[in-house]
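Results of the structural survey
Chain by chain, the residues run as shown.
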Amino acid sequence: MTPTAQFMELPSSFDNYTRLGWYLVPIAPGSKGPKTTGWQIKENCITDATRIPNGYGAGIAHAYSGTMSLDIDDWDVAVQTLGFVGIDLPALCSASDAVMIHSGNPGHAKLIYKMPFGLVLPSKKCVHTTTEGIKKNWIGFRCATSDGKTVQDVLPPSVHPLTQRPYQWAGNGHYSQLPLLPGELLAYWRS
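Description of the structure in this document.

To continue, consider the overall build of the protein chain. Along the backbone of the protein chain there are five helices and nine strands. Listing each helix as α and each strand as β along the protein chain from the N terminus yields α-β-β-α-β-α-α-β-β-β-β-β-β-α. The C-alpha atoms of the protein chain give a radius of gyration of 16 Å, which matches the 16 Å a tight globule of 191 residues would have. Seen along its three principal axes, the alpha-carbon backbone of the protein chain occupies a region of about 45 × 35 × 35 Å.

A separate point is the sheet that holds strand β1 (residues 24–27). One open sheet accounts for three strands, arranged β1-β2-β8; its pairing is antiparallel. The sheet is open, and its two borders are formed by β1 and β8 (152–155), each paired with just one other strand. Averaged over all neighbouring strand pairs, the angle between strand axes comes to 35°, with direction disregarded. Strand direction decides the pairing type here: β1 and strand β2 (residues 57–61), joined by four bridges, are antiparallel. Within β2, the residue paired with L24 across the bridge is I60.

Take the pattern of salt bridges next. Scanning the entire structure with this criterion turns up four salt bridges. With its nearest N and O atoms 3.2 Å apart, the salt bridge here joins R142 to D153. Taken together, the residues span a long stretch of sequence, with R142 in strand β7 (residues 135–142) and D153 in strand β8 at a distance of 11 residues. One salt bridge connects K149 with D147, and the closest N-O pair in it is separated by 3.5 Å. Given a relative accessible area of 31%, K149 falls into the partly exposed group. Residues participating in the shared-partner salt-bridge network are D71, K110, R142 and D153.

Let us look at helix α5 (residues 183–190). Count 3.6 residues to each turn of an α-helix, and residues three or four apart come out pointing the same way. Taken as a whole, α5 has its buried residues at L185, L186, Y188 and W189. The arc that holds the buried residues of α5, viewed along the axis, is 165°, so those residues lie on one side. In this structure, the buried residues of α5 make contact with β3 (67–72), α3 (75–84), α4 (89–94), β5 (109–114), β6 (124–129) and β7.

What follows concerns the pairing of β3. In terms of burial, β3 is a largely internal element, six of the six residues being buried. Because side chains alternate across β3, one face comprises the buried residues T67, S69 and D71, and the other comprises M68, L70 and I72, equally buried. With six bridges connecting them, β3 and β5 associate as antiparallel partners. Looking across to β5, one finds that M68 is bridged to Y113. Where β3 lies against β7, four bridges are found, and the strand directions are antiparallel. Each bridged residue has a counterpart across the sheet, and for D71 the counterpart in β7 is G140.

The linkage connecting P156 with the following residue, P157, adopts the cis geometry, with an omega of 5°. Within the element layout of this structure, P157 appears in the loop between β8 and β9 (168–170).

Aromatic ring pairs are defined here through the distance separating the ring centres and the angle between the ring planes. Counted according to the given criterion, the structure contains 10 aromatic pairs. Look at Y17 and W169: their rings are 6.1 Å apart centre to centre, the planes differ by 70°, and that puts the pair in the edge-to-face class. Here the residue Y17 occupies a position in helix α1 (residues 15–19), and W169 occupies one in strand β9, the gap between them amounting to 152 residues. Residue W169 is classed as buried on the basis of its relative accessible area, which comes to 0%. When the ring of Y17 is compared with that of Y175, the centres are 5.3 Å apart and the planes differ by 75°; the resulting orientation is edge-to-face. On the criterion of sequence distance, the pair formed by Y17 in helix α1 and Y175 in the loop between β9 and α5 is long-range, its members being 158 residues apart. Each member of the pair, Y17 as well as Y175, carries the same accessibility label: buried. Pairwise contacts between aromatic rings join F14, Y17, W22, W169 and Y175 into one cluster.

Calculation criteria
Residues numbered from 1 in each chain as written. Predicted model: local features only at pLDDT ≥ 70, side-chain atom pairs only at ≥ 80, totals over all residues. Heavy atoms only, no water. Helix = DSSP H or I, 4+ residues; strand = E, 2+ residues; numbered from the N terminus. Rg over C-alpha atoms; globule rule 2.2 N^0.38 Å. Pairing = 2+ DSSP bridges. Axes fitted to C-alpha atoms, helices over the stretch in contact; angles between N-to-C directions. Salt bridge = Lys/Arg side-chain N within 4 Å of Asp/Glu carboxyl O. Buried < 20%, exposed > 50% of the residue type's maximum accessible area, 1.4 Å probe, protein only. Arc of directions from axis to C-beta. Contact = heavy atoms within 4.5 Å. Phe/Tyr/Trp six-rings, centres within 6.5 Å; stacked < 30°, edge-to-face > 60°.

As structure tokens, then:
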């Protein structure tokens, strides 16, 4: 079971994000990722929301925005596995300052955090093998590539290509005041 989503009002434009100092990448309609060459390089990211073409969505360039996401692809496995190392995923999702991006995809969740000042870490995917022998991502720590370029996550109100619904902000916190990445998640990421 995924966390119960408490939704917040969508921003009226991507300007709200650039005013926070976030770097953005344009996301073409019907896509979850950027299509332009070199989008992951800082100089090619957008800091002026008027540069996002009409009808396009936007993603946050984590490495340049000082942010990261904890991308949960298998809720049950994530809760159990993180629980073994003392990390309470349901408590993180229900924290008073929790900020999440909700895609409407069952069994998935995405927490967004500020990185400790100046810290940029390579993204890491954690994989498990199902009873059918299939390798499956259960959680991902998303910030940068191994060579320090950015990765991105799609921001509300961009439209999810599968659900055809806008991504939504969820959680008890607000995207304009992201919580700092908890120390136990940082330690697990680094391990």
